[in-house]
Amino acid sequence: MRLLAAAAMSGALCIGSLGSALTARAETQSVTVTAQVDGSYTVTIPKEIVLTLQEDGSHAGEYTVDVEGTIADSTYVSVVPQPTITLSSEGREDVPCDVSQGVQKFHSRGYAGELAADAAKIADGPEASGTVRTQDGQHLASGHWQGTLLFDINLAGAPAAGGAGQGAE
Amino acid sequence: MKKKRFLAGLLAAAMCLGGMPAFSAHAAESAQDSSSVVAEVDSHYSVIIPKSLQMAVDTATWHGTAGYQASVVGDIEPGKSVYVVPQARFDMVQADGGAIVDTSVSQTKTEWPSADVKAEEADAIWGDGSLSGDGFQPGDWSGVFYFNIAADDSGLNVEAPGTRSWRRT
């Protein structure tokens with residue numbers, strides 16, 4: 001009640017001052033009211049991906065990507081990993097690895113459009129899984145191997161006047 | 001309650017301002033984050049040494065000799081070596097008479113650094129060994145000598161061998 005009263009009072013003060021300027025011309029003007037509510041989201045990617053020896057002799061590791069939050073239906077969050085990375089080990093030649101991630105676009109829970117093959121809706125729990133695998137079934141020699149996988153994270157398809165994301169983790 | 005009043009006032013003021021954006025928001029927000037990709041691959045190796053040797057004795061001098069080869073195959077971390085060191089001397093004993101011949105053993109290669117440890121036996125780098133002793137009178141002789149096998153990264157330390165396996169030919 002007090003909240004409404006305060007809002008009404010403040011509004012009255014503003015409109016009052018505007019109105020006083022208009023009453024001299026005896027005109028009526030409408031005011032268009034708009035509101036843009038920003039979406040917010042959090043992207044969770046693994047801190048570490050561990051590759052292990054596979055039956056085919058290659059080394060591979062799986063990871064999951066999770067997107068949480070609320071975004072406009074007209075937008076989607078894209079989480080795109082580098083397609084290839086390089087693993088290094090002291091005294092060894094670098095080994096290239098392929099990265100694959102089936103789902104890279106995350107639409108709102110209420111999105112009613114058709115989902116592309118690489119798209120999913122934001123849901124509870126991880127929505128996407130990916131794999132890092134040595135190229136051409138290459139075998140990693142003994143040693144400690146290390147590399148870095150970069151993810152590009154964007155809020156895409158946003159309307160011109162709003163829809164900012166809230167960063168990524 | 002004071003906070004609510006303030007918010008209500010702010011809302012009303014924002015309404016008065018009309019089409020001006022109340023918040024500055026980007027159409028899309030971008031970020032880049034990374035995951036660490038790691039793999040730990042253990043060293044493994046096999047040592048190839050003879051299962052048995054036949055000494056040849058020169059009946060003019062009663063000097064006995066034998067030759068053999070030893071090698072290491074597998075995958076060793078850079079900076080580490082595998083050592084295969086034969087016993088320097090051992091006794092050959094005559095079966096019926098109990099005579100003993102002090103027999104010496106030498107080997108041209110006793111250290112296999114990582115680069116010398118090949119994955120396949122076909123590519124193996126071999127060390128040549130030889131046995132030598134004097135005084136082999138007619139009769140049956142036998143003896144046993146041992147190899148110290150160790151994987152180490154701090155030099156020759158065959159007294160405390162690490163994990164080892166070997167295959168006899």
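Remember, it's a predicted structure, so these values are computed and weren't measured experimentally.

**Side note on the overall build of chain B**
Right, on to step 1. Counting its regular elements, chain B contains one helix and 12 strands.
Right, on to step 2. Counting across all 169 residues of chain B, residues that qualify as buried make up 33%.
Right, on to step 3. In chain B, the share of contacts with a sequence separation of at least 24, taken over all contacts with a separation of at least 6, comes to 73%.
Right, on to step 4. Entry remark: accessible area of chain B is about 10000 Å², with carbon and sulfur atoms responsible for 52%.

**Observations regarding the nonpolar core**
Right, on to step 1. Counting 32 residues, the largest nonpolar core has Val43(A), Val65(A), Val77(A), Val79(A), Phe106(A), Val132(A) and Leu149(A) as the members making the most contacts within it.
Right, on to step 2. Of all elements in the fold, only β1 (40-44), β4 (59-70), β5 (76-81), β6 (84-87), β7 (95-101), β10 (128-134) and β11 (143-156) of chain A together with β1 (30-41) of chain B reach the threshold of two or more residues within this core.
Right, on to step 3. In terms of residues, this core owes the most to one element, β11(A), which gives five residues.
Right, on to step 4. Once you skip the residues sitting within four places of it in the chain, Val79(A) turns out to touch Val43(A), Ile45(A), Val65(A), Val67(A), Gln101(A), Gln104(A), Phe106(A), Phe151(A), Asp152(A) and Ile153(A).
Right, on to step 5. Residues Ala66(B), Val72(B), Val101(B) and Leu131(B) belong to the second largest nonpolar core, which totals 23 residues.

**A closer look at the pattern of salt bridges**
Right, on to step 1. Taken as a whole and judged by the stated rule, the model has five salt bridges over all chains.
Right, on to step 2. A salt bridge links Arg92(A) to Asp75(B); its shortest N-O distance comes to 3.0 Å. Here the residue Arg92(A) occupies a position in the loop between β6 and β7, and Asp75(B) occupies one in strand β4 (residues 63-75), the pair thus bridging two chains.
Right, on to step 3. Overall, the relative accessible area of 22% leaves Arg92(A) in the partly exposed class.
Right, on to step 4. Put simply, Asp116(B) and Lys109(B) hold a salt bridge, and the shortest N to O gap is 2.8 Å.
Right, on to step 5. Classification of Asp116(B) by relative accessible area gives buried; the value is 18%.

**Considering the packing of aromatic side chains**
Residues and elements named next belong to chain B.
Right, on to step 1. Inspection of the entire model under this criterion finds six aromatic pairs over all chains.
Right, on to step 2. Taken together, a centroid distance of 5.1 Å and an interplanar angle of 75 degrees make the contact between Phe136 and Trp141 edge-to-face. The two residues Phe136 and Trp141 agree in class, both being buried.
Right, on to step 3. Taken together, a centroid distance of 5.2 Å and an interplanar angle of 50 degrees make the contact between Phe145 and Phe147 tilted. Per residue, the accessibility class of Phe145 equals that of Phe147, and both read buried.
Right, on to step 4. Members of the aromatic cluster, joined through ring pairs, are Tyr68, Phe90, Phe145 and Phe147.

**Some points on the pairing of β4(A)**
All names here are of chain A.
Right, on to step 1. Note: β1 against β4, five bridges, orientation antiparallel. The residue of β4 that forms the bridge with Thr44 is Asp66.
Right, on to step 2. Two elements, strand β3 (residues 52-53) and β4, share two bridges in a ladder whose sense is antiparallel. Note that in β4 the partner of Thr52 across the bridge is Ala60.
Right, on to step 3. In textbook terms, the turn of a hairpin is the stretch between consecutive antiparallel strands, and for β3 and β4 this stretch comprises five residues, one of which, Gly57, has a positive phi near 95 degrees.
Right, on to step 4. As judged from the six bridges shared by β4 and β10, these two strands associate in the antiparallel manner. Across the sheet, Thr64 pairs through a bridge with Ser129, a residue of β10.

**Describing the pairing of β10(A)**
All names here are of chain A.
Right, on to step 1. Of all the seven residues making up β10, five are buried; the element is thus mostly covered by neighbouring parts of the structure.
Right, on to step 2. Looking at chain direction, β7 and β10 are connected through five bridges and run antiparallel. Paired with Ser100 across the bridge in β10 is Thr131.

**Looking at the sheet that holds strand β5 (residues 81-86) of chain B**
Residue and element names in this part refer to chain B.
Right, on to step 1. Spatial ordering of the open sheet is given by β8-β5-β11, a layout of three strands whose pairing is antiparallel. The open sheet has two edge strands with one neighbour each: β8 (111-113) and β11 (147-152). Strand after strand, the sheet turns through a mean of 15 degrees between neighbouring axes, direction not considered.
Right, on to step 2. Here β5 pairs with β11 via six bridges, running antiparallel. Bridge pairing in β11 links Val82 to Ala151.

Conventions used here
Residues numbered from 1 in each chain as written. Chains lettered and ligands numbered in written order. Predicted model: local features only at pLDDT ≥ 70, side-chain atom pairs only at ≥ 80, totals over all residues. Heavy atoms only, no water. Helix = DSSP H or I, 4+ residues; strand = E, 2+ residues; numbered from the N terminus. Buried < 20%, exposed > 50% of the residue type's maximum accessible area, 1.4 Å probe, protein only. Contact = heavy atoms within 4.5 Å. Areas by Shrake-Rupley, 256 points an atom, 1.4 Å probe, with all protein chains shown as cover. Core = buried A, V, L, I, M, F, W, Y, C linked by side-chain atoms within 4.5 Å. Salt bridge = Lys/Arg side-chain N within 4 Å of Asp/Glu carboxyl O. Phe/Tyr/Trp six-rings, centres within 6.5 Å; stacked < 30°, edge-to-face > 60°. Pairing = 2+ DSSP bridges. Axes fitted to C-alpha atoms, helices over the stretch in contact; angles between N-to-C directions.

The quantities given are spatial measurements derived from coordinates; they are silent on function.
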